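Given next are the chains, with one letter for each unit.
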Amino acid sequence: MSEISRRDFVRTTAGAVAAGVVLTTGLDVHANPLGFPIGCQTWPVREMMARDFPGTIKTLAHAGFQTIELCSPAGYADDGFAGLAKYKGSELKKILTDAGVTCFSSHFTIEELRKNQEDRIAWAKDLGLTQMLVPSLGGPKNPTLDDVKRAADEYNKMGEKAAQAGIQQGLHNEDFELSKVDGQRTYDVLFGLLDPKLVKFQFQVSTISEGYDAAQYFMKYPGRFISMHVQGWDSKTKKIVAVGQGTLDWKKLFTAAKTGGVKNYFVEMDLEKMKVSVPYLRKLQV
């Protein structure tokens, strides 16, 4: 998803955290793309977290990550996150704060929101989250337009309920979203069906491997995005690489991300690639 001194770590204000944005010192504002803290998704280190959550968070902090995105212990119990359930949200927040990182976003499965969205919102609020993302709406592999409409209608209602609690609901792009319906990309159809106020999008940069170009989508749908999962990509080897390596134009991508409305980003690769990405991101100017 090189060791960097944490002396340059961000200073936050309550208002910035509530908005999902961390204000930084003058140095960091110019060092971090978009002026936002360098974040990472915890999925790649889920096995480490299952063994030692506080220790894993400290490892990420020492690597230079300033904010993290979690996965819900209820929805991702079988994927290494079950151990987080023993903590109250407020206890998790203290562990994160003690390590010097913030957390305002987490992934939840669509199934757990269907089962008890109120409970998951309560957990999110206790942790201090302002963003709840689902990886996919979970529709069929070969959907009809009615399938897509039903999925969008259901998620709009979830987005409305989250908004009433002061939380922004968001949608990642995996599986169902990468299918096609009536000759169109399901992903594009969803932009027309999901309420822009109730649902924002989180772009998975590595879907460039399937023809989904992040910069193009940010420009095509301005203001519709809230965050992105960041991976480097080498079009020659067709492999994921550290950010700054490979063939992606990161200045173009981060510049387009501003138009897309991106408020934060999370590096998501294996730990070594994530660590190697930090120095490049700190130096990138857009």
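Parameters at a glance
Residues numbered from 1 in each chain as written. Predicted model: local features only at pLDDT ≥ 70, side-chain atom pairs only at ≥ 80, totals over all residues. Heavy atoms only, no water. Helix = DSSP H or I, 4+ residues; strand = E, 2+ residues; numbered from the N terminus. Areas by Shrake-Rupley, 256 points an atom, 1.4 Å probe, with all protein chains shown as cover. Axes fitted to C-alpha atoms, helices over the stretch in contact; angles between N-to-C directions. Parallel < 35°, antiparallel > 145°, perpendicular 65-115°, else oblique. Left-handed = near helix turned anticlockwise from the far one by under 90°. Contact = heavy atoms within 4.5 Å. Phe/Tyr/Trp six-rings, centres within 6.5 Å; stacked < 30°, edge-to-face > 60°. Buried < 20%, exposed > 50% of the residue type's maximum accessible area, 1.4 Å probe, protein only. Lys NZ or Arg CZ within 6 Å of the ring centre and 35° of its normal. Lys, Arg positive; Asp, Glu negative; His and termini not counted. Salt bridge = Lys/Arg side-chain N within 4 Å of Asp/Glu carboxyl O. Polar contact = N/O pair within 3.5 Å; in protein donor to acceptor, adjacent residues only side chain to side chain.

The next thing to look at is the overall build of the protein. Of the regular secondary structure elements, the protein holds eleven helices and twelve strands. Accessible surface computed for the protein: about 12,400 Å², of which carbon and sulfur atoms make up 51%.

Bringing the packing of helix H6 (residues 110-127) against helix H7 (residues 145-164) into the picture now. Packed helices, taken two at a time, are described by the angle their axes make and the gap between the axes. One can describe the packing of H6 onto H7 by two numbers: an axis separation of 11 Å at closest approach and a directional angle of 15 degrees. When the axes of H6 and H7 are compared, the pair comes out roughly parallel. Between H6 and H7 the crossing geometry is left-handed. Contact with H6, carried on its side by Ile110, Leu113, Arg114, Gln117, Glu118 and Ile121, involves Glu154, Tyr155, Met158, Lys161 and Ala162 of H7 and no other residues of that element.

Now for the packing of aromatic side chains. If you walk through the whole model with that rule in mind, you get 23 aromatic pairs. Ring centres of Phe203 and Phe225 lie 6.2 Å apart, and the angle between their planes is 65 degrees; this geometry places the pair in the edge-to-face category. Highlighted residues: Phe203 in strand E8 (residues 199-204) and Phe225 in strand E9 (residues 225-230), separated in sequence by 22 residues. Phe203 gets classed as buried once you look at its relative accessible area, which sits at 0%. Of note, Arg46 hangs over the ring of Trp43, and the distance from its end group to the ring centre comes to 3.9 Å. One residue, Arg185, lies across the ring of Tyr212, its end atom 3.9 Å from the ring centre.

With respect to the helices and strands, the residue Asp213 is situated in the loop between E8 and helix H9 (214-220). No salt bridge is formed by the buried Asp213; its nearest oppositely charged neighbour, Lys252, is found at 5.6 Å. Engagement of the side chain of Asp213 in a polar contact is seen with the backbone nitrogen of Ala215, the distance being 3.0 Å. For Asp213, the contacting residues outside a window of four places in its chain are Phe203 and Ile208.

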